[in-house]
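An overview of the molecular structure
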Amino acid sequence: MFRSAYSSSPLKMIRNGVTAASPPPDYTVALAGNPNTGKSTVFNNLTGLNQHTGNWAGKTVAQARGTYVHDGKRVLLVDLPGTYSLLSHSPEEQIARDFICFAHPDATVVVADATCLQRNLNLVLQVMEMTSKVVVCLNLIDEAERKGIEVDCGRLSKELGVPVVPTAARSGYGLDNLKETIDALASGRLSTRPLVVRYPPTIEKEIERLEKQLSPVLAGKLNPRWVALRLLDGDRTIVESIEKHLGVLIQSDKRKVPA
Amino acid sequence: MLSRSATNETAANSDSVAFETPAKIRFEDEIVSAIYSHADTIAAGVMTKRRPMVDWDDRIDDILTSKVLGYPIMLLMLAIMLWITISGANYPSEILSKVLFHLEDKLTGLFEMYNAPDWLHGILLSGMYRTVAWVVSVMLPPMAIFFPLFTFLEDLGYLPRVAFNLDHWFKRAGVHGKQALTMSMGFGCNAAGVIAARIIESPRERLIAILTNSFVPCNGKFPALIALASTFVGGTGTRLGTAISAAAVVGLVLVGISVTLLVSLILSKTVLRGVPSTFTLELPPYRKPQIGKILLRSILDRTLFVLRRAVVVALPAGAITWIVANISLGGSSLLHIASSGLDPVGRLIGLDGAILLAFLLGLPANEIVIPILLMNYLSTSAMVELETPAAIHELLVSKGWTLVTALNFMLFSVLHFPCGTTLLTIRNETGSFKWAAVAAGMTTLAAFVACWLVTRIASVLGGLL
C-alpha cells in the first residue's frame, strides 16, 4: 500500500541522481545533528537554498541536498534527518547512520546546540566512533550567551580531538569559518584524532575479540571497532546494511561463548 | 570463530562472516550509558554558567500548554490574528478594486479605439483580467496581513505547542499524536501536511493523517473565508462586527478540527482499526522571530506563492468560464446549463448550482472559487460593475444569498475535496489513486453532511421564529 517514505537509498541518490545535471562535486559533506539545533538553518545559509518550514521538531523528513562553492571547489551538502542518537534504529536514524557509514562523505558536520551541550555531545561521540572526519558546528552560540552559558571551544576541541566551530547560523556568524574547516578536513590538510570512548573492561574484551575477526573482512571500508559495538548491542539492522552496501554478510553462529 | 564461508547460499556473491557474541547478553545499556557519561564529563569540563537562570521557555510553556489556559489562549491567538486581518484588509481591498477596475475601463477604451472584436475583449478583459482582478483585490490584502502573522507564530515555535495541546485528543481518537503536528502544518498547506505525515511510522496512522489532513483550512482558503465572514457574518464597520467576523472564522477552524478528530475516530474504529502508538513530542525552544526575515519570507514564499498560483490558474479559468458563459445551446449558455443541472443538489444543502460548479472548477486551486462564482453570477445579472466589496455583497444577495448560504459556503469550503495539488500528493504518498479518491469522496461527503445539517437546523429555527 505504501511506498516507503525513504524509498530510494540516500547513497543512490547521491551517487546517481543529484549530479546528473551539474558537474560532480569535489567533496560530499554530511550534515548531522539533533533536531532543533538549527541544522536546517545552517544548511540553508551554506547552500543559499531557502526551504522555509518554520520551527518544527522533526521537519526534515528526507534529506535535502544542496551545493556551495568554496575556494573554487564544489561542495555537496547533504542534510540528514535530525536525530538524538544513531543507536535506536528509527528510520531517520538508519538513514543518517547509513549515509555516514556507507556514502563515505569527505566530512561530517555535526550541528550541536550550545545551550544543551551534554545531550548534543552524545551524538557527536557516536558519529566520531564511525568516522574520524568530523567537524562540530557549535550552533546557537548567541542563544547560549543570552542564557549565560559559555563554552570553551578550544578546550572542547582538544577533548574531542576534532575541530569545533562556534556559529550562530541565523545571523551567519561563524559560517565562513565552518566552510574553511570543512575544506581543510575534506582536503586532508587537517587531520583529527577523535576521542575514543572507552567502555567497561568486559565490553572492551568483547570488542577486541570481534574487532580482530571483523577487520579483515571489512577491509578498511568500515571502522571494525564501531561494527563490533553494534553487534554487541544487538543491532540487527547494521548487519543488513553492511550486506546491502558492502556485500559482506555477517552471521551470528549460535554457539555460546564459554563463560 | 570467524570464517569466510563459501557455502553460504544467501550470499553467493558476497563475503560472509560469522561472528559470535554471548547470545543472551546484550550490552546495549552499558554502551549507551558509557557514551552518556563521557558526554556529561566533557560537557561539564568545558561549560560555565554565569548565573543561575530562570528557564523562560519552561515558564512560558507552563502557561501556553496548561490544562486550563492552553485552549483559551490558542483560540484567542487565532482570533486576534483574524481580527487584525479583517480590520486591516477591508480598506486596501477597496482601493485595489477601484484601481484595478478603473484600469479595466481604460483598457476597454483601448479595445474600442482599435475596434477589437467583442469576443477578444470578452475573453481577455471580462474573462481573464476580471478574474485576476478579483483574485488580487479580494485575496491579496488578507494574505499580506495574515501570512506574516502566521509565519511569526510559526517561527516563534507556537504551532508545536498547539500540537501539544491537541495531542491528547488525537490519542483518544485512536490515532497517532503526531497527527496533531501534521494537522497543524495543514493550516499552512494541506499538501505539505500530507507530506509531513511521513513522520508517522505506523502505516495505519499515517494513512488516517493523510486522508483527514484537508479538513483544516489551508492558507489558500483563509482569504475567502475571511472575505465572506466579513461581508456576511459580522461586517467590518464596527469593532463588534469585526470581532464577530473573526469569531466566525475561529468557529470554522474549530469545526475543521472537530471533523478531523471525528473522522479519524470513525476510521480508526472501522476500516483502519488499531492501537495508537505512543511518542514523545518535543517542544522546540522558543526562538526570537526575525521580523525582517518573516516579512520577506511570508511575502515572498507565502503571499506571492499563493497569489501566483491563483493568478496562473485564474487566467485560463477566467477565459474558459467566460467562453462557456457565452456559448449558447438552445437559448441558454453552457455555464447556465451546468449550473442549473447542479442546482437541485446545491439547494439540498443550502447552496446553489453555481456555487457547486465554482468549487468543481476551482479544483486546481481553492483560491479561484470565489472569482469563478462571481463571473458566473455576473454573466446572468444586470450588474456589470463590481468595484467594491459592498458591490460583491449586493450581487450575492441578489442571487439569493443569506447568512445561511454564506455559512454553508464557508463550511463546504473547509470540508470539501482537497485541491488538485493535495490530491496528487496523496496519490504520491500512498502510491495509489485509490486513496486519493477515498480522500476526495470522504471529505466531500463530510461537507455535504455538514451543510445539510446546517440547512435543516436553519429551516427549523426559521420555522420557530
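Conventions and cut-offs
Residues numbered from 1 in each chain as written. Chains lettered and ligands numbered in written order. Predicted model: local features only at pLDDT ≥ 70, side-chain atom pairs only at ≥ 80, totals over all residues. Helix = DSSP H or I, 4+ residues; strand = E, 2+ residues; numbered from the N terminus. Buried ≥ 20, exposed ≤ 12 C-beta atoms within 10 Å, placed from the backbone. Contact = placed C-beta atoms within 7 Å. pLDDT = per-residue confidence, 0-100. Pairing = 2+ DSSP bridges. Axes fitted to C-alpha atoms, helices over the stretch in contact; angles between N-to-C directions. Core = buried A, V, L, I, M, F, W, Y, C linked by C-beta atoms within 7 Å. Expected span 1.5 Å × (residues − 1). Bend = angle between axes of the 7 residues up to and from the residue. Parallel < 35°, antiparallel > 145°, perpendicular 65-115°, else oblique. Left-handed = near helix turned anticlockwise from the far one by under 90°. Nonpolar A, V, L, I, M, F, W, Y, C, P; charged D, E, K, R; others polar.

Moving on, we come to the overall build of chain A. Across its full length, chain A carries 10 helices and eight strands. The buried share of chain A, reckoned over its 259 residues, is 47%. Within chain A, counting contacts between residues at least 6 apart in sequence, those at least 24 apart form 67% of the total.

A separate point is the confidence of the model for chain A. Detailed reading of predicted coordinates is not advised where the pLDDT is low. Residues and elements named next belong to chain A. Taken over all residues, the pLDDT of chain A has a mean of 81, while the share at 70 or more is 81%. When mean pLDDT is taken per element in chain A, strand β7 (residues 164-166) scores highest with 97 and helix α1 (residues 10-17) scores lowest with 41. Under a pLDDT of 50 for its full length, residues 52-61 has, in the predicted model, 29 contacts with residues more than four places off or in other chains. Across residues 254-259 the pLDDT falls below 50, and counting only partners more than four positions away or on other chains, this stretch makes six contacts in the model.

All right, on to the pairing of strand β2 (residues 64-70) of chain A then. All names here are of chain A. In this sheet, strand β3 (residues 73-79) lies alongside β2 in antiparallel orientation, the contact comprising seven bridges. If you follow tyrosine 68 over to β3, its bridge partner there is valine 75. Two successive antiparallel strands, β2 and β3, enclose a turn made up of two residues, where aspartate 71 displays a positive phi of approximately 60 degrees.

Residues and elements named next belong to chain A. Judged by pairing direction, the sheet is mixed, and its six strands sit side by side in the order β2-β3-β1-β4-β5-β7 without closing on themselves. Where the open sheet ends on each side, the last strands, each with one partner, are β2 and β7. Averaged over all pairs of adjacent strands, the angle between strand axes in this sheet comes to 25 degrees, irrespective of strand direction. Pairing geometry for strand β1 (residues 27-33) and β3, over five bridges, is parallel. Residue pairing in the sheet places threonine 28 in a bridge with leucine 76 of β3.

Our focus in this paragraph is the nonpolar core. By size, the foremost hydrophobic cluster in this structure holds 118 residues, and its most contacted members are B:Val135 and B:Ala310. Among the elements that line this core, the one with the most residues is helix α4 (residues 118-156) of chain B, at 17 residues. Counting residues in hydrophobic clusters, the runner-up holds 77 residues, among them A:Phe43, A:Leu77, A:Val110 and A:Leu138.

On to the pairing of strand β5 (residues 134-139) of chain A, then. Residues and elements named next belong to chain A. Of all the six residues making up β5, six are buried; the element is thus mostly covered by neighbouring parts of the structure. What you see with β5 is no split at all: Val134, Val136 and Leu138 on one side and Val135, Cys137 and Asn139 on the other are buried throughout. When strand β4 (residues 107-113) meets β5, the two strands line up parallel, connected through six bridges. In the sheet register, valine 109 faces β5, and the bridge partner there is valine 135.

Here we come to helix α3 (residues 70-113) of chain B. All names here are of chain B. Helix length check: α3 (44 residues) gives 63 Å between terminal C-alpha atoms against 64 Å at 1.5 Å per residue, within 8%. Most pronounced at alanine 89, the bend in α3 amounts to some 35 degrees, and the proline proline 92 follows within four residues. Taken together, the buried positions of α3 are Leu78, Met81, Leu82, Thr85, Ile86, Ala89, Asn90, Ser93, Ser97 and Phe101.

Before going further, it helps to spend a moment on the environment of A:Asp26. One can find A:Asp26 in the loop between α1 and β1. Once residues lying within four places of it in the same chain are set aside, the contact partners of A:Asp26 are A:Lys73, A:Arg74 and A:Val75.

Another point: the confidence of the model for chain B. Residue and element names in this part refer to chain B. Scored by pLDDT, chain B has a mean of 81; 88% of the residues are at 70 or more. Within chain B, helix α16 (residues 403-415) carries the highest mean pLDDT (93), whereas strand β1 (residues 15-19) carries the lowest (50). Contacts for the low-pLDDT stretch residues 1-16, under 50 throughout, to residues beyond four places or in other chains number 27 contacts. Note on the complex model: pTM 0.64, ipTM 0.82.

Moving on, we come to unusual backbone geometry. Leaving glycine out, the prevailing phi sign among residues is negative, and the prevailing peptide bond configuration is trans. Residue and element names in this part refer to chain A. Unlike most non-glycine residues, histidine 104 shows phi in positive territory, near 45 degrees. In this structure, histidine 104 sits in the loop between α3 (91-102) and β4. The phi angle at leucine 140 is positive, at roughly 60 degrees, despite the residue not being glycine. The topology assignment puts leucine 140 in the loop between β5 and α5 (141-146). When the 28 C-beta atoms within 10 Å are taken as the criterion, leucine 140 is described as buried.

Residue and element names in this part refer to chain B. Between helix α9 (residues 222-233) and helix α10 (residues 239-269), whose axes approach to 8 Å, the crossing angle comes to 130 degrees. On the basis of their axis angle, the class for α9 and α10 is oblique. The interaxial crossing formed by α9 with α10 has right-handed handedness. Two secondary-structure elements touch here, α9 through Leu225, Ile226, Ala229, Ser230 and Val233 and α10 through Ile244, Ser245, Ala248, Val249 and Leu252. Counted by class, the contact of α9 with α10 contains eight nonpolar, two polar and no charged residues.

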